[in-house]
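Summary of structural features
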Amino acid sequence: MMDTISIADLVREGAILDIQDGNHGEKHPTAADYVDSDGVPFLMARDFPNGSLDVSNVTLLRRDVASKLRVGFAKPGDVLLTHKGTIGATGIVPNGFDYVMLTPQVTYYRTDPRKLLNVYLRCAFRAPAFQQQLAAFSAQSTRPFVSISAQRSLVVPVAPYSTQRRIATLVSSYDDLIANGEQRIRVLEGMVRTIYREWFVLFRYFGRQKVQVVSSPTGPIPKTWTATTLGAVVEAETGKRPKGGASSVEDGVPSVGAENVNGLGRHDYAVEKYVPRAFFEQMRSGVVRDRDVALYKDGAYIGRSTYFRDGFPHQTFAVNEHVFLLRTVSRRLGPNMLYLWLQQPETVQTIRSKNANAAQPGINRTILNGLPITIPSEDVAVRFESLVEPFLAAIVTLAKQRELLRRARDILLVRLFSGRLRVGTA
């Protein structure tokens, strides 16, 4: 049996010790305060893909800047809830950090573990009844927003302590499996990127010793390789969506936008949009084929890429006008190699340096076709595709398993908090 208690009452009872977001006012950090390493994680709503915290690509804030902020210091174990823009995503600050900084989009909840388990509270935040309260409050603002004071009025189901432990253990087993899959994906990604650099940046591929190195427009390359431009070896096209977007067409065909161009095996289904099926069936370009590579062509994160293959993230879908679909037309450049080339920091930097429009960052088709690229001899290209294929296929398999686990966990949460599934109190 669960009691329904407001967050304000949980604070009064001492079960919740502190609630705070990262509203930094005029001191809010800017991009100039970000660093590539040795910084403090600066958590934003975008760090909660599919409704859960993922710190693998988190922005890092200079430590001296972070130390001068007044609020938003979340500690390991704190429960996180997004409340602005993206509403209702959750997480727990992982161990390994002294603290993390929050943006105004994220609130932390610090519990007394003797009265309220943090894992249980996160489960309660994910429950449909709580999410419905958040949706109702956020709909009252012009932009989705649930203030701290409004959050205090929300109610959560609170189970006896022994039941909290059972629910937390049960749901955590799914979360652990999901996290394990994420870790394996990251390891595989690191391995294929290393292989790519060994072969095509450092030229340390098998058989290299027998090939003479010559000069080229892109620098020294093996004599049997060719320095060319992307337009000579790739075809590109974009898609579109109906004017005004199509977020309300829930039974349409998925339309991937820039927000979901973020690496192989990464897809945030929670932010997905759709186009009507009749609209999709009339599209002449932008319909995704197996092994298409996608490039984010304009906006704040120009140069990001992903790779659609093996039915992930969907069997049938399209892209919008902010994404280039790239298809190789040369036997000397396979889709695996094209994707890994786009993932190289040097390639991303080159694309960003070609920005054609200062007001709205972006590259057009002419710039895309003119990007310099070095392609290997056909035998090297074929061997490379075969070598990395098992790694990339495994990443997609793990990504599919992760989505199945997420859906199973979410069904479990519904049953636990609706009373259809009881875990006992012994």
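Our subject is the structure listed above.
A brief report on the enclosed structure follows. What you see as residue numbers is a count from 1 along each chain, following the sequence as written. In view of the model being predicted, local features appear only for residues whose pLDDT reaches at least 70, and side-chain atom pairs are presented and counted only at 80 or more, with totals across whole chains, interfaces and linings using the full set of residues. The side-chain figures draw on all heavy atoms in the structure; neither hydrogens nor water molecules are used.

What to know about the pattern of salt bridges
Salt bridge, as used here, is a side-chain nitrogen of Lys or Arg placed within 4 Å of a carboxyl oxygen of Asp or Glu. Under the counting rule described, the total for this entry stands at 26 salt bridges. The partner of Glu259 in a salt bridge is Arg241, and the shortest N-O contact between them spans 3.8 Å. One end of the pair, Glu259, is in the loop between strand E16 (253-256) and strand E17 (273-275); the other, Arg241, is in the loop between strand E15 (234-238) and E16, and 18 residues separate them in sequence. Across the pair Glu403 and Arg406 runs a salt bridge, and its minimum N-O distance is 2.8 Å. Within this pair, Glu403 and its partner Arg406 are both found in helix H11 (residues 378-418), separated by three residues, close to a single helical turn. Shared partners join several salt bridges into a network, and the residues in it are Arg122, Arg126, Asp175, Arg409 and Asp410. In DSSP terms, a helix is any run of H or I states spanning at least four residues, a strand is any run of E spanning at least two, and both are numbered starting from the N terminus.

Here we look at the sheet that holds E17
We call two strands paired when DSSP finds no fewer than two bridges between them. With respect to topology, three strands assemble into an open sheet ordered E17-E16-E20, the strand pairing being mixed. Every other strand in the sheet has two partners, leaving E17 and strand E20 (318-319) as the edge strands with one partner each. In this sheet, E20 lies alongside E16 in parallel orientation, the contact comprising two bridges. Each bridged residue has a counterpart across the sheet, and for Ser255 the counterpart in E20 is Ala318.

Describing the packing of aromatic side chains
Here a Phe, Tyr or Trp ring, Trp counted by its six-membered ring, pairs with any other such ring whose centre lies within 6.5 Å, and the pair is stacked when the planes are under 30 degrees apart, edge-to-face when over 60, and tilted otherwise. With the rule as written, the count across this model stands at 16 aromatic pairs. Between the aromatic rings of Tyr109 and Phe125, the centroid separation amounts to 5.0 Å while the plane-to-plane angle is 70°, which identifies the pairing as edge-to-face. Of this pair, Tyr109 sits in strand E10 (residues 106-111) while Phe125 sits in helix H3 (residues 118-126); the two residues are 16 residues apart in sequence, bridging distant segments of the chain. With respect to burial, Tyr109 and Phe125 carry one shared label: buried. For a Lys NZ or an Arg CZ to count as sitting over a ring, it must be within 6 Å of the ring centre and within 35 degrees of the ring normal. The ring of Phe145 carries Lys84 above its face, with NZ or CZ at 5.7 Å from the centroid. The residue whose ring lies beneath Arg407 is Tyr269, and the NZ or CZ to ring-centre distance is 5.6 Å. The buried label applies to any residue whose accessible area, calculated with a 1.4 Å probe on protein chains only, is under 20% of its type's maximum; exposed applies above 50%, and partly exposed to all values in between.

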